[in-house]
Every structure is written in C-alpha cells, then in structure tokens.
Amino acid sequence: MDIIIRIYEYLRPGGIIVVPIILISILMWTLIIERLFYLRRQKQDDLDLKEAVEMIKGKKIDYLPANGLRSKVVRSFLREKTGERKLDQSILYLCAKGELPSIRRNLSIIGALASVSPLLGLLGTVMGMVTTFNVISQFGTGNAKALAEGISEALITTQSGLLVAIPGLYMSNFLNQQAKELKNRLDETVMTLKRYI
C-alpha cells in the first residue's frame, strides 16, 4: 500500500494527462499478458507434425491436446472431412485459415496503445509549458514554486508516456514476431498434411 501512495505522490504533479496514460498502460499490459499466454499454449501444448500426419491418415493417437494450433486444425478437419481428396484439401485450408484471426488478435491494438502513450506525454509537456509561461506572465520569474509546478507537469507526463511506450513497443514487436512464427508453423502444417490427404 505504501508503494501505491508513493507512486501517486510522484505522479500527482503530472496533472490530468497522467490518468489516460495509466489507463492505456493497464489495458496494454492486460492484452500483452493475454497474448503471451495464448501464444505459449499454442506452441507448448500441441501435436508434433508426425502425430498430425498419423491422425490425418486415420490412425488413432492416445492423446489429442486441446489447445495446440495443429491440434485445433486436425480436430476441425477430422470433423469436416468428406473422403474426396480435392474437397478435403480445401477443407484443410479453410480449417487452418480459421485459426489466423486468433493468432493476430489484439496485436494492432497493443501497437496502437504503445504508440499513443508518448503522444499523450507530449500533450502533457505542452500543457506544463503553457502553465509555466502563464506563471511567468503573471509573476515573472520570481515565483520558483509556481514555475516548478508547470515544469514538473511537463516532465512527469513525458516520462510517464515514455515509460509506457518503450516496453510496449518492444512487446508489440516481440508478439508480432511470435505470431509470425506461429503462422509459419500453420503454413508448414497445411503443406505437409495436404500430401497425406
């Protein structure tokens, strides 16, 4: 509880702009954590390619993981297959294509939130400088406390925006790379399984 009070006391001079920056940070990190868990489940708890081929050929496997990307494609294909080769290849492609929105979900939102936060920090900087110039126009440079309030508003909002943006952009790039690897895995699965239909 003490740390929350200290953070509040530190951010309070930043003014109203700090509130949306904090809300953006909370939303962004919620989405990042959700994506990390999703991508981990898709890779970790999955069939290997050999098991997927065996299932397509009609052999039974003792355990079919519930969350893996290949498992989902194989499961949905086995539900829909007709026995006609060309049609089954199209069905496999559609089953795989159905997983693409799940792989890319929320990645653009994470990138946008990370990009918006330094702009809000810049808005706070401008507002702080306007406050500083208003103080100078009214009292001159003799009122150091009033000058410090405007300057601290400018600096704290800039710092807050950057503290949200830098790790957010890094995680956005990391998650996009992981999603690309998962999509490549999906493409590899479809190309391999097509041969055995």
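Just above sits the structure.
This one's a predicted model, so the numbers in the text were calculated from it and none came from an experiment. (Residues numbered from 1 in each chain as written. Predicted model: local features only at pLDDT ≥ 70, side-chain atom pairs only at ≥ 80, totals over all residues. Heavy atoms only, no water.)

Visitor: How would you explain the overall build of the chain if you had to name every residue and give the values?
Guide: Scanning the chain for helices and strands turns up eight helices and zero strands. Taken against the 2.2 N^0.38 rule, which gives 16 Å for 197 residues, the C-alpha radius of gyration of the chain at 26 Å runs more than 25% over that of a compact globule. Seen along its three principal axes, the alpha-carbon backbone of the chain occupies a region of about 85 × 35 × 20 Å. Taking all 197 residues of the chain together, 40% fall into the buried category. Carbon and sulfur atoms form 64% of the exposed surface of the chain, whose accessible area is close to 11700 Å². Side chains of the chain carry 26 positive and 18 negative charges; the gap between the two charge centres is 5 Å. (Helix = DSSP H or I, 4+ residues; strand = E, 2+ residues; numbered from the N terminus. Rg over C-alpha atoms; globule rule 2.2 N^0.38 Å. Buried < 20%, exposed > 50% of the residue type's maximum accessible area, 1.4 Å probe, protein only. Areas by Shrake-Rupley, 256 points an atom, 1.4 Å probe, with all protein chains shown as cover. Lys, Arg positive; Asp, Glu negative; His and termini not counted. Charge placed at Lys NZ, Arg CZ, Asp CG, Glu CD.)

Visitor: Give a detailed account of the packing of helix H2 (residues 18–44) against helix H8 (residues 144–194), specifying residues and quantitative values.
Guide: Here H2 crosses H8 at 20°, and the two axes come no closer than 10 Å. Comparing their axes, H8 and H2 come out roughly parallel. Handedness of the crossing formed by H2 with H8: left-handed. Tallied by class, residues from the contact of H2 with H8 come to 17 nonpolar, seven polar and four charged. (Axes fitted to C-alpha atoms, helices over the stretch in contact; angles between N-to-C directions. Parallel < 35°, antiparallel > 145°, perpendicular 65-115°, else oblique. Left-handed = near helix turned anticlockwise from the far one by under 90°. Nonpolar A, V, L, I, M, F, W, Y, C, P; charged D, E, K, R; others polar.)

Visitor: So, the pattern of salt bridges: which residues are in play, and what are the values?
Guide: One pass over the structure, following the stated rule, counts six salt bridges. As a salt-bridge pair, Glu181 and Lys43 come within 3.3 Å of each other at their nearest N and O atoms. In this pair, Glu181 sits in helix H8 while Lys43 sits in helix H2, placing the two residues 138 residues apart along the sequence. Given the relative accessible area of 26%, Lys43 is considered partly exposed. (Salt bridge = Lys/Arg side-chain N within 4 Å of Asp/Glu carboxyl O.)

Visitor: Residues and numbers for the packing of helix H7 (residues 107–139) against H8, please.
Guide: One can describe the packing of H7 onto H8 by two numbers: an axis separation of 7 Å at closest approach and a directional angle of 170°. With respect to their mutual orientation, H7 and H8 come out roughly antiparallel. Taken together, the residues that form the contact of H7 with H8 break down as 18 nonpolar, 16 polar and one charged.

Visitor: Before we move on, can you summarise the nonpolar core with the specific residues and values?
Guide: Core analysis: the biggest nonpolar cluster contains 36 residues, and Met28, Phe77, Leu92, Ile103 and Leu193 have the highest contact counts within it. Secondary structure elements with two or more residues in this core: H2, helix H3 (49–57), helix H4 (69–80), helix H5 (85–97), H7 and H8. The element contributing the most residues to this core is H8, with eight residues. With near-sequence residues (within four places) excluded, Leu92 lies in contact with Val73, Phe77, Val190, Leu193, Lys194 and Ile197. (Core = buried A, V, L, I, M, F, W, Y, C linked by side-chain atoms within 4.5 Å. Contact = heavy atoms within 4.5 Å.)

Visitor: Just give me the short version of the packing of aromatic side chains, but keep the residues and values in it.
Guide: Summed over all chains, the structure comprises zero aromatic pairs. Here the basic side chain of Arg105 rests over the ring of Tyr38, its NZ or CZ set 6.0 Å away from the ring centre. (Phe/Tyr/Trp six-rings, centres within 6.5 Å; stacked < 30°, edge-to-face > 60°. Lys NZ or Arg CZ within 6 Å of the ring centre and 35° of its normal.)

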